[in-house]
Amino acid sequence: MRRIGVMFDRARRPEELIAFAREIESLGADDLWVVEDLGWAGGVSSATLALGATERLRVGIGIAPAPLRNPALLAMELAMVERVFPGRLIAGVGHGVPEWMAQAGAGVREKLALLGETITAVRALLRGETVSLDGRVVKIDGVRLVHPPADAPPVVAGVVRPRSLELSGRVADGTVIAEGQGPKAIAAALGYIGKGREGRPGTHEVVVFTHLCVGDDAERVAELTAPVVEEYMGWLKVPAEDVFLAAGPVATAAERIRSLWDAGADTVVLRPVGEDPGGQVRQVLAGLA
């Protein structure tokens, strides 16, 4: 499975989402991913708008922060969307940015427990089970969805660090690997995910986000991507040369995307940087073809 997706960047105005989703579908992409970052836009509402505007695209929520999302309510929301648009939803859940969670009064100490218990409860509810969970953080007593979906949508974990990657392998349907991480990082992540998956049947989708900047002018590409490189150096705590981008001429960007697939990604989600994001996606899709 080699899928290609595109992110609707959080910086874009919400009213642009419908037209953007239709454009991405017309270009032949497999996925559109929406963002749930504090202060920008809600992931479930964004996904619903995108699904309603398109006919074929799978839409991903990347990433709902567990501290802000009660698992019973999240399962209710996801079940509603999945029933109306069956087979086209994939939902990401993560720890949330600690500073943002603190701002929203949702900071927690037991981050691993919260994420694991949230994903476990949401997946069980979406399967139509009656859930009682007296966890370290999550408390649910005999909750069952009245209208569960016929088939539960995948619930994937958006995580970075080793213990969280292992947890994802243990409890989630897949893992979302954040921007800036190339083939070496993916290979390392797969090791931790595999450790968590020991003894678990079924598949585990690996979704990798990566920035895209298509252009023949090397200086212009470097100028546009410099803020991205600086941001991810700090966040991933790596030197500039280790921040992975699908950047440069079309052939170079396409080869960088292929290297992520070759490293073990099932789905690569492009986050365009610079002017004409749709045009950049069109060019790189042609290059991949």
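Thresholds applied
Residues numbered from 1 in each chain as written. Predicted model: local features only at pLDDT ≥ 70, side-chain atom pairs only at ≥ 80, totals over all residues. Heavy atoms only, no water. Axes fitted to C-alpha atoms, helices over the stretch in contact; angles between N-to-C directions. Helix = DSSP H or I, 4+ residues; strand = E, 2+ residues; numbered from the N terminus. Parallel < 35°, antiparallel > 145°, perpendicular 65-115°, else oblique. Left-handed = near helix turned anticlockwise from the far one by under 90°. Contact = heavy atoms within 4.5 Å. Nonpolar A, V, L, I, M, F, W, Y, C, P; charged D, E, K, R; others polar. Core = buried A, V, L, I, M, F, W, Y, C linked by side-chain atoms within 4.5 Å. Buried < 20%, exposed > 50% of the residue type's maximum accessible area, 1.4 Å probe, protein only. 1 Å grid on protein atoms, 1.4 Å probe; cavity = no way out; pocket = protein on both sides within 12 Å on 5 of 7 lines; lining within 4 Å. Points joined across faces, edges and corners; volume = space filled by probe spheres on them. Salt bridge = Lys/Arg side-chain N within 4 Å of Asp/Glu carboxyl O. Bend = angle between axes of the 7 residues up to and from the residue. Polar contact = N/O pair within 3.5 Å; in protein donor to acceptor, adjacent residues only side chain to side chain. Phe/Tyr/Trp six-rings, centres within 6.5 Å; stacked < 30°, edge-to-face > 60°. Lys NZ or Arg CZ within 6 Å of the ring centre and 35° of its normal.

Student: Explain the packing of helix α5 (residues 111–126) against helix α6 (residues 162–171) here, please?
Tutor: For any two helices packed against each other, one specifies the crossing angle of their axes together with the interaxial distance. Relative to each other, α5 and α6 sit at 20°, their axes nearing to 10 Å. Considering their axes alone, α5 and α6 lie roughly parallel with respect to each other. Helix-helix and strand crossings are classified by hand; for α5 and α6 the assignment is right-handed. The segment α5 lies against α6, with Leu-112, Leu-115, Gly-116, Ile-119, Thr-120 and Arg-123 engaging Arg-163, Ser-164, Leu-167 and Val-171. Its residues assigned to classes, the contact of α5 with α6 shows five nonpolar, three polar and two charged.

Student: Teacher, can you tell me more about the nonpolar core here?
Tutor: Looking at soluble globular proteins, one finds that nonpolar side chains tend to be buried together. Counting 71 residues, the largest nonpolar core has Ile-4, Leu-32, Ile-61, Leu-78 and Ile-257 as its most contacted members. Per-element accounting of this core gives the leading share, eight residues, to α5. Leaving out residues up to four positions away in the same chain, Ile-4 has contacts with Ala-29, Asp-30, Asp-31, Ile-257, Trp-261, Val-268, Leu-270, Leu-285 and Leu-288.

Student: Which parts of the structure should I look at to understand empty space enclosed by the protein?
Tutor: Over the atoms, a rolled probe matching the size of one water molecule traces out where space is still vacant. Taken as a whole, this structure holds one cavity of 30 Å³ or more when the rule is applied. For the largest cavity, the calculated volume is near 50 Å³. As for the largest cavity, its lining consists of Glu-36, Gly-43, Val-44, Ile-61, Ala-64, Arg-69, Leu-74, Leu-78, Ala-91, Gly-92 and Val-93. Elements represented by at least two residues in the lining of the largest cavity include exactly α2 (43–53), β3 (58–65), α3 (71–84) and β4 (89–94). Per-element accounting of the lining of the largest cavity gives the leading share, three residues, to β4. Across the lining of the largest cavity, the residue classes tally to seven nonpolar, two polar and two charged.

Student: Sorry, what's going on with the pattern of salt bridges here?
Tutor: Opposite charge on two side chains permits them to pair, given that their charged atoms come into close proximity. Applying the stated criterion to the full structure yields 19 salt bridges. A salt bridge links Asp-262 to Arg-2, with the nearest nitrogen and oxygen atoms 2.4 Å apart. Separated by 260 residues along the polypeptide, Asp-262 in helix α9 (residues 250–263) and Arg-2 in the segment before β1 (3–7) bring together distant segments of the chain. Here Arg-58 ties to Asp-31 by a salt bridge, and the two come within 2.8 Å at their closest N and O atoms. Separated by 27 residues along the polypeptide, Arg-58 in strand β3 and Asp-31 in strand β2 (residues 31–34) bring together distant segments of the chain. Like Arg-58, the residue Asp-31 is buried in the burial classification.

Student: How should helix α8 (residues 218–236) be read in this particular structure?
Tutor: Residue pairs spaced three or four apart in an α-helix point in one direction, given the helix's 3.6 residues per turn. Of all bends in α8, the biggest is about 45°, found at Thr-225, and the proline Pro-227 comes one to four residues later. Taken residue by residue, α8 has Val-221, Thr-225, Val-228, Val-229, Tyr-232 and Leu-236 as its buried positions. Tucked inside the fold, the buried residues of α8 contact β9 (205–214), β10 (246–248) and β11 (267–272). The opening residue of α8, the one whose side-chain oxygen lies 3.1 Å from the backbone nitrogen of Glu-219, is Asp-217. Downstream of α8 by one or two residues, Lys-237 has phi in the positive range, about 60°.

Student: Help me out: how do you make sense of the environment of Gly-62 in this one?
Tutor: Topologically, Gly-62 is positioned in strand β3. A C-alpha to C-alpha distance of 23 Å links Gly-62 and Ala-253, two positions 191 residues apart in sequence. Discounting residues that sit within four places of it in the chain, Gly-62 has contacts with Trp-33, Val-34, Val-35 and Glu-36.

Student: Just to check I follow, could you spell out the packing of aromatic side chains for this structure?
Tutor: Centre distance and the angle of the planes are the two values used to describe a pair of aromatic rings. In this structure the tally under the stated criterion is four aromatic pairs. Consider the rings of Tyr-232 and Trp-235, whose centres lie 5.8 Å apart with planes at 90°: the pair is edge-to-face. In this pair, Tyr-232 and Trp-235 are both assigned in helix α8, three residues apart and thus about one turn of the helix distant. When its relative accessible area of 40% is taken as the criterion, Trp-235 is described as partly exposed. Over the ring of Trp-40 we find Arg-10; its NZ or CZ atom is 3.9 Å from the centre of that ring. Cation over ring: Arg-256 sits above Phe-244, and NZ or CZ is 4.1 Å from the ring centre.

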